[in-house]
Amino acid sequence: MTVIRFGVSIAVLAYCLPAMAQENTEQSEPLKQVNTIIVTGTNQERYRVEDSGALTGFRLDFLELPRVVNIIPEQLILDQKITDLGEALRNTPGVTQSDGFGGTNDDFFLRGFRRNAVYRNGFRRQTNFRTNLTNVDHIQVVRGPASITYGQVEPGGLVDIATKKPLDEQRIAGEIRYGDFDDLLFLADWSQPLSDNAGIRVVASTQDANSFRDFTDISRDTIAVSGRYEPTSSTRLDLTYEYRDESRPLDRGTVTIPTPDGREILNNVIDIPISRRFGEEFEVFESKFHFLEGSLEQELNDNWNLRLGAAYENSTANDLQARPLAVVILNANAPISADGFFTAPVVPEAVFDDPTDQAFLARRTDGSRERETEVFYLNAKVTGEFSTGAINHRVAIGGDFFDGETTRFFAATAPTNGVPEAFGGTGPLLDVRNPIFGNLPDTVSLDGLPLLTAKSQAYGFYINDYVDLTDKLSLLIGLRYDGVTLGGDTELDAAHAFSPQAAINYKVTDNSSVFFSFSQAFEPNFVADPEQGITEPFEPEDSEQFEFGIKNEFFDGALQTNAALYRIDKNNVLTVEIGVPVLRDGQSSQGLELSASGQPTPGMNIVAGYAYTDAEVEGGGNDGNRPRNVAEHTFNLWASYEIQSGSLEGLGFGSGLFHTSDRFGDDANSWTLGSYTLVDMSVWYTVALPSLGEGKTVRLQLAAKNLFDENFFSASGGNERVSIGTPQAFIGSLSFEF
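For clarity, every value in this text was computed on a predicted model and none was experimentally measured.

1. Let's talk about the overall build of the protein
And then number 1: A count of helical and extended segments in the protein gives seven helices and 35 strands.
And then number 2: Here the protein, with 738 residues, has 52% of them falling under the buried criterion.
And then number 3: Partitioning the contacts of the protein with sequence separation of at least 6, the portion at a separation of at least 24 is 68%.
And then number 4: Total accessible area on the protein stands at roughly 31,000 Å², and carbon and sulfur atoms take up 55% of it.
And then number 5: Within the protein, the 105 negative side-chain charges are centred at a point lying 2 Å from the centre of the 57 positive side-chain charges.

2. Focus: the nonpolar core
Nonpolar side chains in soluble globular proteins tend to be buried together.
And then number 1: Of all hydrophobic cores here, the largest spans 19 residues; its most connected members are Leu85, Leu89, Ile139 and Val159.
And then number 2: It is strand 7 (residues 136-143) that contributes the most residues to this core, three residues altogether.
And then number 3: Excluding residues that lie within four positions of it along the chain, Ile139 makes contacts with Asn70, Ile71, Ile72, Ile77, Leu85, Ala88, Leu89, Leu133, Val159, Asp160 and Ile161.
And then number 4: With 18 residues, the next largest nonpolar core counts Val153, Ala396, Leu476 and Ala521 among its residues.

3. So, the sheet that holds strand 3 (residues 108-110)
And then number 1: With antiparallel pairing, three strands are arranged side by side in an open sheet as 2-3-4. The open sheet terminates on both sides in strands that have one partner only, identified here as strand 2 (95-97) and strand 4 (113-114).
And then number 2: As paired strands, strand 2 and strand 3 are joined by three bridges and run antiparallel to one another. Note that in strand 3 the partner of Val95 across the bridge is Leu110.

4. A word on the packing of aromatic side chains
And then number 1: One pass over the structure, following the stated rule, counts 20 aromatic pairs.
And then number 2: Residues Phe101 and Phe285 carry aromatic rings whose centres are separated by 6.2 Å and whose planes lie at 80° to one another, so their mutual orientation is edge-to-face. Of the two residues, Phe101 sits in helix 5 (residues 100-103) while Phe285 sits in strand 16 (residues 284-299), which places them 184 residues apart along the sequence.
And then number 3: On the basis of relative accessibility, which here comes to 6%, the residue Phe285 falls in the buried class.
And then number 4: Pairing Tyr459 with Phe461 gives two aromatic rings, centres 6.2 Å apart and planes at 55°, and the pair type is tilted.
And then number 5: Assessed through its relative accessible area of 51%, Phe461 is described here as exposed.
And then number 6: Three or more aromatic residues joined by ring pairs form one cluster here, namely Phe123, Phe289, Phe291, Tyr377 and Phe402.
And then number 7: For the cation-ring pair, Arg90 lies above Phe658, with the distance from its terminal atom to the ring centre recorded as 3.9 Å.
And then number 8: The aromatic ring of Phe62 is capped on one face by Lys551, whose charged end is 4.8 Å from the ring centroid.

5. Describing a nonpolar patch on the surface
And then number 1: Together, Ile504, Phe516, Phe546, Phe548, Ile550 and Leu565 line one region of the surface with nonpolar side chains, adding up to about 510 Å² of accessible area.
And then number 2: Per-element accounting of the nonpolar patch gives the leading share, three residues, to strand 25 (residues 533-554).
And then number 3: Residue position: Ile550 is located in strand 25.

6. With respect to the pairing of strand 12 (residues 218-232)
And then number 1: Pairing of strand 11 (residues 198-209) with strand 12 involves 12 bridges; the strand directions are antiparallel. Bridge assignment links Ala209 to a residue of strand 12, and that residue is Ile218.
And then number 2: Looking at chain direction, strand 12 and strand 13 (residues 235-248) are connected through 12 bridges and run antiparallel. Among the inter-strand pairings, Thr232 is bridged to a residue of strand 13, identified as Thr235.
And then number 3: A loop of two residues connects strand 12 with strand 13, the two strands running antiparallel in sequence.

7. Points about the sheet that holds strand 1 (residues 69-73)
And then number 1: What the five strands build is an open sheet, ordered 1-7-8-5-6; its pairing is mixed. A strand with exactly one partner marks an edge of an open sheet, and here the two such strands are strand 1 and strand 6 (123-124).
And then number 2: When strand 7 meets strand 8 (residues 157-163), the two strands line up antiparallel, connected through seven bridges. Within the sheet, the bridge partner assigned to Val136 lies in strand 8 and is Thr163.

8. Comments concerning the side chain of Ser474
And then number 1: Structurally, the position occupied by Ser474 is in strand 22 (residues 473-487).
And then number 2: Under the relative-accessibility criterion, Ser474 is labelled buried at 6%.
And then number 3: The residues touching Ser474, leaving out its near neighbours within four places in the chain, are Tyr466, Val467, Asp468, Leu469, Ala503, Ile504 and Asn505.

9. Comments concerning the pairing of strand 18 (residues 358-388)
And then number 1: With 23 bridges connecting them, strand 17 (residues 304-330) and strand 18 associate as antiparallel partners. Within the sheet, the bridge partner assigned to Ser315 lies in strand 18 and is Thr373.
And then number 2: Pairing of strand 18 with strand 20 (residues 430-431) involves two bridges; the strand directions are antiparallel. In the sheet register, Leu361 faces strand 20, and the bridge partner there is Leu430.
And then number 3: Pairing of strand 18 with strand 19 (residues 391-412), which is carried by 21 bridges, proceeds in the antiparallel orientation. In the sheet register, Thr388 faces strand 19, and the bridge partner there is Ile391.
And then number 4: Count of turn residues in the strand 18/strand 19 antiparallel hairpin: two residues, of which Gly389 carries a positive phi of about 70°.

10. What about the confidence of the model for the protein?
And then number 1: With 91% of its residues at a pLDDT of at least 70, the protein reaches an overall mean of 90.
And then number 2: Note that residues 1-39 has pLDDT below 50 and, in this model, 38 contacts with residues that lie over four places away or in other chains.

11. Details of the pattern of salt bridges
And then number 1: Evaluated as defined, the whole model comprises 51 salt bridges.
And then number 2: Asp238 serves as the salt-bridge partner of Arg236, at 2.8 Å between the closest nitrogen and oxygen.
And then number 3: Exposure remark for Asp238: the relative accessible area of 8% places this residue in the buried category.
And then number 4: In this structure, the salt-bridge partner of Glu242 is Arg244, at a minimum N-O distance of 3.1 Å.
And then number 5: The exposure class assigned to Arg244 is buried, which follows from its relative accessible area of 7%.
And then number 6: One continuous salt-bridge network, built from bridges that share partners, spans Arg46, Glu74, Lys164, Arg171, Asp189, Arg201 and Glu737.

12. Topic: unusual backbone geometry
And then number 1: One non-glycine residue, Asp182, lies in positive phi territory at about 55°.
And then number 2: The residue Asp182 is located in the loop between strand 9 (171-179) and strand 10 (183-195) in this model.
And then number 3: For Phe555, which is not glycine, the phi torsion reads 55° and is therefore positive.
And then number 4: Phe555 gets classed as partly exposed once you look at its relative accessible area, which sits at 49%.

13. With respect to the environment of Phe410
And then number 1: Residue position: Phe410 is located in strand 19.
And then number 2: Residue classification places Phe410 among the buried positions, given a relative accessible area of 11%.
And then number 3: Linking Phe410 and Ser368, residues 42 residues apart in sequence, is a C-alpha distance of 4.5 Å.

The rules we used
Residues numbered from 1 in each chain as written. Predicted model: local features only at pLDDT ≥ 70, side-chain atom pairs only at ≥ 80, totals over all residues. Heavy atoms only, no water. Helix = DSSP H or I, 4+ residues; strand = E, 2+ residues; numbered from the N terminus. Buried < 20%, exposed > 50% of the residue type's maximum accessible area, 1.4 Å probe, protein only. Contact = heavy atoms within 4.5 Å. Areas by Shrake-Rupley, 256 points an atom, 1.4 Å probe, with all protein chains shown as cover. Lys, Arg positive; Asp, Glu negative; His and termini not counted. Charge placed at Lys NZ, Arg CZ, Asp CG, Glu CD. Core = buried A, V, L, I, M, F, W, Y, C linked by side-chain atoms within 4.5 Å. Pairing = 2+ DSSP bridges. Phe/Tyr/Trp six-rings, centres within 6.5 Å; stacked < 30°, edge-to-face > 60°. Lys NZ or Arg CZ within 6 Å of the ring centre and 35° of its normal. Patch = residues over 30% accessible without salt bridge, like charges linked within 9 Å, V, L, I, M, F, W, Y side chains within 5 Å. Salt bridge = Lys/Arg side-chain N within 4 Å of Asp/Glu carboxyl O. pLDDT = per-residue confidence, 0-100.

Given below as C-alpha cells:
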C-alpha cells in the first residue's frame, strides 16, 4: 500500500506541476517567461556509449571490430530502476545467473561458462562483492575469450564496469527512490569543472532495504570521488577513489529433496512460503571495499599515445551463516520432538514418497572471519598508427602486473544431528514445515585456527595490430604472454602461456560487415578448500573460440545489430567429485547469439537479444551433460518511447520481457530449476524548470518489476542452495538534474 500511495502521489504531482505553472502565468502576465514550466525529455545521448577499445587496446568503429561487445548505458539502468549487476545483465543475450555465495557476490554464466571475475575500468577486481551500480557509467559485456588485453579470463567472456568520470560541464543530479520491501535509496551525483583543464566528480549513495525473505536487512553505502587534470593539451591525469560499505544476509535460498522420481526443489513438493528462510537472524555478510585508481595519458605525437595506469584495492569482510548440509526424511510417526530432537533411535527414509512424510535439515554455523584482501595493479600501453606502403596499421603494445594477497580464518561448528548435547549430540534438526529458530550457535571461535593465506602474482605482455589491407578488408592479429604464481606460505609456479588471436573483417556495404575470429584464453588451476587453503596446482585451463558474425547499422547508424555463431572448447577443467579434486577433459559450448540496440526513431530506444547455447560437460562422471545453471534459450527485449513534442513532451514509458529456459541444478542433470519469463514496466514524466536555468529538470517515475508475479528459481549452487526469485515489486522515484 505504501508504494501504491507513493505512485499516486507521483501521478498527482506530475499532473499538478503544469497546472500550477499555468495558474501562476495567468495571475502574473509579466512573469510569463519565468514561470512557465516546459516539459522536456531525457537527453537521448545518454543511451549512446561508444566501445572504449578495451578489447583491442585502441578504438574501432562498430563495423570494424571483429568481435561482439554489448554495452549497457547508465540511462537504461535508471529507466529500469536497477541496482545490481545481475539484473542489468538481463539486457544481454546468453547470460544466466549462479547463486553468488548466498546472493552476496556477482555470479553469472556467459556463453555457458561461469565468470571468474568482474573488471573495473579494465582492472580485474580480486574481490567479487556485488557491484553497486550507482557509480557506473556503463557496462561492457565482452563475448568470448579476451585474454589478449585482460589476461586470465574464462572463455565465455567477461564484464567490465566503467565508472563515472568528471564531466566538462557542471551537473548536479540526485534521486530519491522507494519501493516494496521498504527499499529506500538516496543518490547524489555532482560534477564540477574547476577550470578549463581540471574537474571533479562526487557520487554518493545510501540504500536500506528489507526483502520478501524473512529476517532480511540490507544496508549499502558508497562514495566515489574522481578528478581530472590536464596540465597541457597533450597530457591528462585521472584519479578515482571508491569506498563501499555493505551488509546483507547470506541467504542460501531453499533446498532439494529426494523423491521417487529423483530430486525435486522442496518448495515444489511441500507447500511452504517463498519468504521462509532456513537460516538464522544472525546470518550476515559484511564487507568494506576501497579502490584507488590513477592513469596518466600522454600524446607522444600526432600518431602515438602512451597510457600508464595503477590501482590499489583493499577489502575486508566477515561472513557467518547457518549452512544447510543435508535433508533428513522421516515418516509421519518418527520419534522426533517438535524442537528437532530424536526421542528414540530412528532410520531416516530414503525418499520423500508420502505427503505425511517429515523433512528436516541438518545444519551448522560457519564462516570466513577477518578476511582481508590487498591487491596492487600496474599497466602500461602504447598505441599508435603507421603505414607500410599503402597498408595502414593500428597498434597497441602493452603489459600489466598484478600482486594480491588474501588472508582469513575459517571456522565451523559440528553439524547438528538431532541428539541433545547432554547425550553427546550436536543439536536439533530444523523442521522445514514448522521451523524453530535460535538453536544454532551465533558465534564461532577462532582460537587455535590457522590463518589461511592465498597469494598470487600475474604479469602479461601483448601486442595487437589492426591492419587495413583495403578499404573494405581488415585483419586483426595479436599475441599475449602470461605468467602466474600462486601460493600461501610456499609459492607455486602455476602457469605460463601464450594466447593468440586473429580475425578478419570485411565491410560488405557502408552499413554492414562480416567477420571471422579465432581467439584463445587461459586460466591457472588450483584447489581452494575453505578449510585447508590452497594446495598443489593442476595443469592450467586453456580454451579457444571460433566465431563468425554479421554486423549491421540501420537508420543512419542509430540502430546496431549483431548476429554471431561460435564454438568454444575448454580443456583441463578442475572440478570436485565426491570431495576429490579431478581434472576432467573439459567443456564445450556452441551457439547462436542475436542482439540489437539503438534508437530507430527519435525518442524510441530498443535493446533486444536472443541466445541459443548448446553447452556440454566433457569427461568425468557427467560426460555429455549440460552444465548447471546454463539455459539453452534466453531472450531479452526492452523497448521504451518518450514523447518528443507537444503538450505531453517528456512523458515516457517502457516495458521489458526477459525469458530464461529450463536449467539443470547440477552437472549430473538430476534435477531442474524450471523456466521463467519476467515482465517489467516503467513510466516517467520529465518536467523542465527554466526558472533555475536551461537543462534543469525533475523526473517522476513509477516502475514495476516482475509485473505478473511469477514464481521462479533463479539459480542453483547445489542441492542445498537454490536461489528464489524476487516476486512482484513496485518502485517510485523522484530524480533531478540541475
